[in-house]
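# Structure at a glance
For reference, the chains in residue letters:
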Amino acid sequence: RRSRQTTRDPPDMSPTDASACPHAAAARRRVAELARTIQPHPTAAEVAGVGEVYVYQESLKKCRDDLRAFIDEVNCHPILLRLAWHDAGTFDNTIGTWPQCGGANGSIRFDVEMNHGANAGLKKALTYLEPFKERYPNLSWADLIQLAGATAVECAGGPKMYMRYGRVDVTGPEECPEEGNLPDAEAPYHDGRDADASTHLRRVFYRMGFDDREIVALSGAHTIGRAFKERSGVSQFGYGEKAATKFSGKGCPVAGGVSKQAGCPAAHVARADNKHGIGMPGGQPWTKSWLAFDNAYFKKEYTEDPELLWMSTDKALHTDPGFKPHFELYASDEKAFHRDFAAAFVKLSECGARLRPINGIKINEDPPRRMVWRG
């Protein structure tokens, strides 16, 4: 039988008629949201850019591996760290134009800046890096210098650095900063314009955007390295075995520096891995194990032996009321020192840096984040 039910034509519903279709407005909003998330097909230039970043990233990784082997052989951790700090440490955050603001831009490779008094002896570090620049010509000098500094810290047993790369180099000596941006070791500070060591440290580091905690953490870099009479003039110990301290000499030549003869001093072990080797003998370190990036600097080992160095700017860190709490924390907590140094060094390495791409290029995975469980 034929059904008596009659069919009716559906009403003429426009998709823009919210009264006819109550879900239309929500649907339109959802379509708009989806449209915003759809990425357009990349252009050929964008694809090429991704490829260039990958090649650059691979060069960074390979260069880092080569640097690790070189540093382990030559024991040049401190001077590479000093080079990285001095290239970045010229930054002035009151100057809003690049490269006039200074910072990590590779300008230290030019003689006009390398000849600044504070950079005495750093030509050697630049010479160390020249073969790496020839091997990886696509890396900028600014990146190579900061990569070497971060790698030196890690090789000395220090913290892992979650750095960004892609720094653009200045192109000529006319773009180098003026002399006088780096801290003085002893008075007169800033040609007598800074009253004392604490005032001087704050003026220099505040100019770069660092606070008291970061000043103390970065100063902990003195846990590795030495001062030389021929460079800074703050030490009576200089180049060579005869001018070395008991901590910076090679010791008896017998058995690779390990004494087997009565009256022949054994070589001091300065490395974090307890292997023998100090590189060039001479100079005066701040700590006994001056190739180990630990918290020994904050333990004031100089009070135990007069052959260890301690300058007025070092003393200010444990006598000034603003610096002292951080100094004491790092003396008792090496993990806290490593954590704060790593964060401050990464910040320093980006001072005045122009990154391309704008977000930089990473070769270490991001640091693990602490998870907070809420019940």
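Residues numbered from 1 in each chain as written. Predicted model: local features only at pLDDT ≥ 70, side-chain atom pairs only at ≥ 80, totals over all residues. Heavy atoms only, no water.

A separate point is the pattern of salt bridges. Once the charged atoms of two side chains with opposite charge are near each other, the side chains can pair. In the structure shown here, the tally under the stated rule is 20 salt bridges. A salt bridge links aspartate 143 to arginine 167; the nearest nitrogen and oxygen atoms lie 2.8 Å apart. Note that aspartate 143 is positioned in helix H6 (residues 141-155) and arginine 167 in the loop between H6 and helix H7 (197-208), a separation of 24 residues in sequence. For the pair aspartate 143 and arginine 167, a shared accessibility class is recorded, and that class is buried. Across the pair lysine 347 and glutamate 214 runs a salt bridge, and its minimum N-O distance is 3.2 Å. Note that lysine 347 is positioned in helix H11 (residues 334-349) and glutamate 214 in helix H8 (residues 212-219), a separation of 133 residues in sequence. On the accessibility criterion, lysine 347 (31% relative accessible area) is partly exposed. Ionic contacts of the salt-bridge type, sharing partners, join the residues Asp65, Arg68 and Glu154 into one network. (Salt bridge = Lys/Arg side-chain N within 4 Å of Asp/Glu carboxyl O. Helix = DSSP H or I, 4+ residues; strand = E, 2+ residues; numbered from the N terminus. Buried < 20%, exposed > 50% of the residue type's maximum accessible area, 1.4 Å probe, protein only.)

This part takes up H6. Under the 1.5 Å per step criterion, the end-to-end length of H6 is 21 Å for 15 residues, consistent within 8% with the ideal 21 Å. Trailing H6 by a residue or two, glycine 157 shows a phi angle of about 90°, which is positive. (Expected span 1.5 Å × (residues − 1).)

Bringing the side chain of histidine 116 into the picture now. Along the chain, histidine 116 falls in the loop between helix H4 (111-114) and helix H5 (123-135). On the basis of relative accessible area, histidine 116 is assigned to the buried category, the value being 12%. A polar contact of 3.3 Å, which involves the side chain of histidine 116, links it to the backbone oxygen of valine 112. Apart from the residues within four sequence positions on either side, histidine 116 is in contact with Pro177, Glu178 and Glu179. (Polar contact = N/O pair within 3.5 Å; in protein donor to acceptor, adjacent residues only side chain to side chain. Contact = heavy atoms within 4.5 Å.)

This part is about the environment of arginine 164. Relative to the helices and strands, arginine 164 resides in the loop between H6 and H7. Sequence separation of arginine 164 and glycine 360 is 196 residues, and the distance between their C-alpha atoms is 5.2 Å. If we ignore the near neighbours within four places in the chain, the residues touching arginine 164 are Glu350, Leu355, Ile358, Asn359, Gly360, Ile361 and Lys362. There is a polar contact of 3.2 Å between the side chain of arginine 164 and the backbone oxygen of asparagine 359.

Let us now look at the packing of H6 against H11. The geometry of H6 relative to H11 is characterised by a closest axis approach of 11 Å and an angle of 170° between their N-to-C directions. For the element pair H6 / H11, the angle class is roughly antiparallel. On the side of H6, the interface is formed by Gln146, Gly149, Ala150 and Val153, while H11 contributes Phe341, Phe345 and Ser349. Taken together, the residues of the contact of H6 with H11 sort by class into four nonpolar, three polar and no charged. (Axes fitted to C-alpha atoms, helices over the stretch in contact; angles between N-to-C directions. Parallel < 35°, antiparallel > 145°, perpendicular 65-115°, else oblique. Nonpolar A, V, L, I, M, F, W, Y, C, P; charged D, E, K, R; others polar.)

Throughout the structure, instances matching the rule amount to 18 aromatic pairs. Centre to centre, the rings of phenylalanine 293 and phenylalanine 341 are 4.8 Å apart; their planes meet at 55°, and the pair counts as tilted. Placement of the pair is phenylalanine 293 in the loop between strand S2 (284-285) and helix H9 (312-319) and phenylalanine 341 in helix H11, with a sequence separation of 48 residues. Judged by relative accessible area, phenylalanine 293 falls into the buried class, the value being 2%. Overall, the relative accessible area of 1% leaves phenylalanine 341 in the buried class. Centroid distance tyrosine 297 to phenylalanine 298: 5.1 Å. Interplanar angle 80°. Geometry classified as edge-to-face. Tyrosine 297 gets classed as buried once you look at its relative accessible area, which sits at 0%. A residue is classified by how much of its surface remains accessible, and phenylalanine 298, at 2% relative accessible area, is buried. Within the aromatic cluster, the residues linked to one another by ring pairs are Phe293, Tyr297, Phe298, Tyr302, Trp310, Phe327, Tyr330, Phe337, Phe341 and Phe345. Between arginine 135 and the ring centre of phenylalanine 132, over which it is positioned, the NZ or CZ distance is 5.1 Å. For the cation-ring pair, arginine 202 lies above phenylalanine 323, with the distance from its terminal atom to the ring centre recorded as 4.1 Å. (Phe/Tyr/Trp six-rings, centres within 6.5 Å; stacked < 30°, edge-to-face > 60°. Lys NZ or Arg CZ within 6 Å of the ring centre and 35° of its normal.)

Scope: geometric values only; no functional claims are made or implied.
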